[in-house]
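Understanding the architecture of this molecule
Each chain, written out:
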Amino acid sequence: MAIKTLHIGLDDTDSPRMGCTTYIAALLVEKLRKISVQFIDYPNLIRLNPNVPWKTRGNGALCLRIKCEENSLEEIKENVIETVEEKSDLEHEGTDPGIVFFQGSRIPKEIRKFARETITGIVKIGDALKLLKHFKAEAVGYRTARGIIGSLAAIGETLRGDHTFEFIAYRKSENYGKKRQVDPKSVIEMDRATAPYTFNNFDKETNRILITPRGPDPILFGIRGESPEIVKKAAEMIRVFEPVERWIIFRTNHGTDAHLKPVQRLSEIEPYHPVIVRGEVAENPKIIPGSHVIFKIKDESGVIDCAAYEPTGTLRDAAVQLIKGDYVEVYGGVKPPSLPLNRPITINLEKLRVLRLAPLIVYQNPLCPKCRKRLKSMGKDKGFRCEKCGSRFPNLKKVALKLERKLSKGIYIVSPRSQRHLTKPLIRYGMEKKASLIRMIPQWSFP
Ligand code: ZN
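Here is a short report on the structure shown in this document. All figures in this text were calculated on a predicted structure; none of them were measured in a lab.

Our next topic: the overall build of the chain. When helices and strands are counted, the chain shows eight helices and 26 strands. Overall, the chain is about 105 × 50 × 40 Å in size when its C-alpha atoms are taken along their principal axes. Residues counted as buried form 52% of the 447 residues belonging to the chain. Sequence separation of at least 24 residues holds for 74% of the intrachain contacts in the chain that already meet a minimum separation of 6. Carbon and sulfur atoms form 52% of the exposed surface of the chain, whose accessible area is close to 21400 Å².

The tally for this structure, following the rule as stated, stands at six aromatic pairs. Each ring, one from Tyr 42 and one from Phe 165, has its centre 5.5 Å from the other, and the planes form 80°; the classification is edge-to-face. One end of the pair, Tyr 42, is in the loop between strand E2 (38–39) and strand E3 (44–47); the other, Phe 165, is in strand E7 (residues 164–171), with 123 residues separating them in the sequence. Its relative accessible area of 6% is what places Phe 165 among the buried residues. The cationic tip of Arg 33 hangs over the ring face of Trp 444; the distance from NZ or CZ to the ring centre is 4.4 Å. The ring of Phe 101 carries the charged tip of Lys 77 above its face, separated from the ring centre by 5.9 Å.

There is a patch of nonpolar side chains on the surface, built from Val 362, Leu 401 and Leu 403 and spanning about 190 Å² of accessible area. Turning to its location among the elements, Leu 403 is positioned in strand E24 (residues 399–403).

Taking burial as the measure, the eight residues of E7 include eight buried ones, the bulk of the element. Residues Thr 164, Glu 166, Ile 168 and Tyr 170 line one face of E7 and the alternating positions Phe 165, Phe 167, Ala 169 and Arg 171 line the opposite face, and both faces are buried. Examined bridge by bridge, E7 and strand E11 (residues 219–225) share six bridges and lie antiparallel to one another. Pairing of Phe 165 across the sheet is with Gly 225, part of E11.

Glancing now at empty space enclosed by the protein. Counting across every chain of the model gives two cavities of 30 Å³ or more. Space inside the second largest cavity adds up to approximately 40 Å³. The wall of the second largest cavity is formed by Ala 26, Val 29, Glu 30, Arg 246, Trp 247, Ile 248, Ser 445, Phe 446 and Pro 447. Looking at the lining of the second largest cavity, the elements that each hand over two or more residues are helix H1 (21–34), strand E12 (244–252) and strand E26 (445–446). Looking at the lining of the second largest cavity residue by residue, the class counts come to six nonpolar, one polar and two charged.

With respect to the element layout, Glu 226 can be found in the loop between E11 and helix H7 (228–236). Side chain to side chain, Glu 226 and Lys 433 meet in a polar contact 2.8 Å long. When residues no more than four places from it in sequence are discounted, the contact partners of Glu 226 are Thr 164, Phe 165, Tyr 197, Phe 199, Arg 428, Met 431 and Lys 433.

Let us look at the layout of surface pockets. A volume near 350 Å³ is recorded for the second largest pocket. Every residue lining the second largest pocket is counted, 20 residues in all, and those nearest its centre are Asn 200, Lys 204, Pro 416, Gln 419 and Leu 426. Within the residue set of the lining of the second largest pocket, elements represented by two or more residues are strand E8 (198–199), strand E9 (202–203) and strand E25 (410–413). The greatest single-element share of the lining of the second largest pocket, amounting to three residues, is contributed by E25.

Pairs can form between side chains of opposite charge once their charged atoms are near each other. What the rule picks out here adds up to 33 salt bridges. Here Asp 191 ties to Lys 204 by a salt bridge, and the two come within 3.6 Å at their closest N and O atoms. Of this pair, Asp 191 sits in helix H6 (residues 184–194) while Lys 204 sits in the loop between E9 and strand E10 (208–209); the two residues are 13 residues apart in sequence, bridging distant segments of the chain. Note on Lys 204: relative accessible area 61%, which makes it exposed. Salt-bridge contacts for Arg 428 lead to Glu 226; the nearest nitrogen and oxygen are separated by 2.6 Å. Of this pair, Arg 428 sits in the loop between E25 and E26 while Glu 226 sits in the loop between E11 and H7, and the two are 202 residues apart along the sequence. Taking the relative accessible area as the measure of exposure, Arg 428 reaches 0% and is therefore buried.

Glancing now at a positive patch on the surface. On the surface, Lys 373, Lys 376, Arg 385, Lys 388 and Arg 392 cluster together into a patch of positive charge. Tracing the chain through its elements places Lys 376 in strand E21 (residues 376–377). Exposure remark for Lys 376: the relative accessible area of 41% places this residue in the partly exposed category.

Listed as protein donors to the zinc ion are Cys 368 (SG), Cys 371 (SG), Cys 386 (SG) and Cys 389 (SG); their distances from the metal cover 2.3 to 2.4 Å. In this structure, the zinc ion is surrounded by four donor atoms whose angles at the metal cover 98 to 125°, and the resulting shape is tetrahedral. When the donor residues of the zinc ion are listed from N- to C-terminus, their spacing reads C-x2-C-x14-C-x2-C. A relative accessible area of 38% places Cys 389 in the partly exposed class.

Buried residues dominate strand E5 (residues 98–103), accounting for five of its six residues. Pairing geometry for strand E1 (residues 3–11) and E5, over six bridges, is antiparallel. Within E5, the position partnered with His 7 by the bridge is Phe 102. Pairing geometry for E5 and strand E6 (residues 138–141), over four bridges, is antiparallel. Paired with Val 100 across the two strands is Ala 139, which belongs to E6.

Thresholds, definitions, all that
- Residues numbered from 1 in each chain as written.
- Predicted model: local features only at pLDDT ≥ 70, side-chain atom pairs only at ≥ 80, totals over all residues.
- Heavy atoms only, no water.
- Helix = DSSP H or I, 4+ residues; strand = E, 2+ residues; numbered from the N terminus.
- Buried < 20%, exposed > 50% of the residue type's maximum accessible area, 1.4 Å probe, protein only.
- Contact = heavy atoms within 4.5 Å.
- Areas by Shrake-Rupley, 256 points an atom, 1.4 Å probe, with all protein chains shown as cover.
- Phe/Tyr/Trp six-rings, centres within 6.5 Å; stacked < 30°, edge-to-face > 60°.
- Lys NZ or Arg CZ within 6 Å of the ring centre and 35° of its normal.
- Patch = residues over 30% accessible without salt bridge, like charges linked within 9 Å, V, L, I, M, F, W, Y side chains within 5 Å.
- Salt bridge = Lys/Arg side-chain N within 4 Å of Asp/Glu carboxyl O.
- Pairing = 2+ DSSP bridges.
- 1 Å grid on protein atoms, 1.4 Å probe; cavity = no way out; pocket = protein on both sides within 12 Å on 5 of 7 lines; lining within 4 Å.
- Points joined across faces, edges and corners; volume = space filled by probe spheres on them.
- Nonpolar A, V, L, I, M, F, W, Y, C, P; charged D, E, K, R; others polar.
- Polar contact = N/O pair within 3.5 Å; in protein donor to acceptor, adjacent residues only side chain to side chain.
- Lys, Arg positive; Asp, Glu negative; His and termini not counted.
- Charge placed at Lys NZ, Arg CZ, Asp CG, Glu CD.
- Donors = N, O, S within 2.8 Å, 3.2 Å for Na, K, Ca; no water.
- Tetrahedral: all angles 85-135°; square planar, octahedral: opposite > 155°, others 65-115°.

What follows is the structure in structure tokens.
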């Protein structure tokens, strides 16, 4: 009997009110194990461009990669379709599930390229359909079938370069919507014991626990880290006071900056794309209502607004210290112009790298040469007068004083509580993986 390799992509099964595509993947792992398939990778959780306007909550797609006997292929596909139909929020406007099956031990480079474009930009369903046809992949789509895009992208992103792992524990359905019973002290202890090999467990500025989501979804908690062993060890340290229905470890592009793509000139920036671009600060930042910071950068091709919103914490506090003439690299998603708010195209900052600081110069009246008191101006270009000794100095000029900058060169990143799934946190700098040698640990899911 021939052994076949099958890649199963899933996307857009959830809605803001229920469900989670990762949960469907977890259920499928359990079901497929019963038909004795062999998993050749952890389930892949692939976050796509977070700036697409029609995204589902986290814009995450899933891929299961398995080996199986040829005669069980149909049973596997039926299981997948049945589970997606049963567990997706199909009644919800904007939930457009998709499933893609691709058979083959190598993923064609065209599908890998399509995945890159789905993570860093905007793709069309027509592009996905062309690839499906050309490579004889099978697809099932519901409603608008837009989920087929993410499903194919999840198959195409094989995480050959940098990647991380996430351990996700799920709740029993009777607890959905209730407060999550996780001991915050155990989260802080776990962080102390496993950092820097786990990340974004809690926000040190606010002490807020970040491993538990807020919504009605089935996730109890998720722990991100550098290896399957460390996220499993970390999860075992979490004290919970409600039953865990199941858990599973995903391999993912979380925390890798996979979405950000360098752009050479400001004039090339397009709405909805996550970009990295350099420019000179064109004027001093403005603080707008809500304590958000807006500044402009320029290059020889144009000018663009950058926004650091109040919840970005440390990033906002750095941005407000910029001055005209600073040279920076900005990282973030591009918002189109918004007419009702009269806002131009804007980069919403995720990161800011300060490359060069302009001198901060203030001009002061000179001191009296006789009595050292600060002189008073007699009007523009009319010189100065001393209030103490009465002397006049028509030829003296203001003196330039160079002040110390409060900002240092270097990278500033959105505070963990406001980071996107894809944002590479500071703690991961220097830990990037160059290759993916997949080692399956003995137990990576339950039950
Ligand atoms: Zn004087």
